[in-house]
Amino acid sequence: MKLRLAMIGVVAAAGVAQAIGATKPRTAPAKLAQTIDLENQRPVPLKSFEIVMAAKSKTAPEAIVGKLDKPLAAGGRTRFPITGARGCRFEARWAFDDAKDSGDVDLCNDAHIVFAD
C-alpha cells in the first residue's frame with residue numbers, strides 16, 4: 001500500500017510540474033508600424049503608392065492612411081508616415097509607368113515593402 005501511495009504522489013508531482021512548465025510567456029500584442037519603408041527595385045519609376053484602411057461601415061468612406069508624396073525613381077527608397085490607422089491589415093495600391101495593381105498588406109508584422117520584377 002505504501003508503494004501505491006508513493007507512485008500516486010510522484011504522478012501528482014509530475015502533473016504539477018508539467019502544469020507549471022506549460023505556462024507560455026506572454027507575447028507582446030502586434031503593434032502597427034508608424035512608418036512605411038518603401039523600396040523600388042523595378043527598372044521603372046513608381047508613380048503612386050497609397051495605404052488604404054477599409055471603410056468602417058457601408059456609408060463611411062475608406063481612409064487613406066499613408067501616401068507617397070512624389071514618384072519614386074527606379075532603385076529608389078523612401079519612408080513615409082502612417083496616420084489615423086487602426087488594426088494591422090490594409091490595402092496597398094500602386095501604379096508604375098507600365099502597370100498598376102493592389103494587394104493586402106499586414107503592417108504590424110513588417111512595414112518594409114519592396115517592389116521587384
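A.B. asks: What should I look at first to understand the sheet that holds strand S4 (residues 77-81) in this one?
C.D. replies: Hydrogen bonds between backbone groups are what pair the strands of a sheet, and the pairing can be parallel or antiparallel. The 3 strands lie next to each other as S4-S1-S7, forming an open sheet whose pairing is mixed. Edge positions in the sheet fall to S4 and strand S7 (112-115), since each of these pairs with one other strand and no more. On average, adjacent strands in this sheet sit at an angle of 20° to one another, irrespective of strand direction. Alignment of strand S1 (residues 35-40) against S4, held across 5 bridges, turns out to be antiparallel. Note that in S4 the partner of Ile36 across the bridge is Phe80.

A.B. asks: It is not clear to me how the confidence of the model for the chain should be interpreted in this structure. Could you clarify?
C.D. replies: Low-confidence regions, as indicated by low pLDDT, have predicted coordinates that should not be scrutinised in detail. For the chain, per-residue confidence averages 82 on the pLDDT scale, and 75% of positions sit at 70 or higher. Within the chain, the lowest mean pLDDT, 47, falls on helix H1 (residues 2-21), and the highest, 96, falls on strand S2 (residues 46-53). Low pLDDT, under 50, characterises residues 1-12; the stretch is placed with 0 contacts to residues that sit more than four places away or in other chains.

A.B. asks: Would you mind showing me how to read the state of the cysteines here?
C.D. replies: Here a disulfide denotes one covalent bond, and it connects the sulfur atoms of two cysteines. Tallying each qualifying case throughout the model produces 1 disulfide. The disulfide partner of Cys88 is Cys108, and the gap between their sulfur atoms is 2.1 Å. Here Cys88 and Cys108 share a disulfide; its torsion about the S-S bond, -85°, makes the bridge left-handed. Residue Cys88 is located in the loop between S4 and strand S5 (89-96), and its partner Cys108 is located in the loop between strand S6 (100-106) and S7; the two are separated by 20 residues in the primary sequence. For Cys88, a relative accessible area of 22% corresponds to the partly exposed category.

A.B. asks: What should I look at first to understand the side chain of Glu50 in this one?
C.D. replies: With respect to the element layout, Glu50 can be found in strand S2. Excluding residues that lie within four positions of it along the chain, Glu50 makes contacts with Ile64, Gly66, Lys67, Glu91, Ala92 and Arg93.

A.B. asks: What's the story with the pattern of salt bridges in this structure? I'm lost.
C.D. replies: Side-chain pairing between opposite charges can occur once the charged atoms of the two side chains come close. All chains considered together, the criterion is met by 7 salt bridges. Here Arg93 and Glu91 are joined by a salt bridge, their closest N and O atoms 3.2 Å apart. When its relative accessible area of 24% is taken as the criterion, Arg93 is described as partly exposed. Residues joined by salt bridges that share partners form a network here, namely Glu50, Glu62, Glu91 and Arg93.

Conventions we followed
Residues numbered from 1 in each chain as written. Predicted model: local features only at pLDDT ≥ 70, side-chain atom pairs only at ≥ 80, totals over all residues. Heavy atoms only, no water. Pairing = 2+ DSSP bridges. Helix = DSSP H or I, 4+ residues; strand = E, 2+ residues; numbered from the N terminus. Axes fitted to C-alpha atoms, helices over the stretch in contact; angles between N-to-C directions. pLDDT = per-residue confidence, 0-100. Contact = heavy atoms within 4.5 Å. Disulfide = S-S within 2.5 Å. Buried < 20%, exposed > 50% of the residue type's maximum accessible area, 1.4 Å probe, protein only. Salt bridge = Lys/Arg side-chain N within 4 Å of Asp/Glu carboxyl O.

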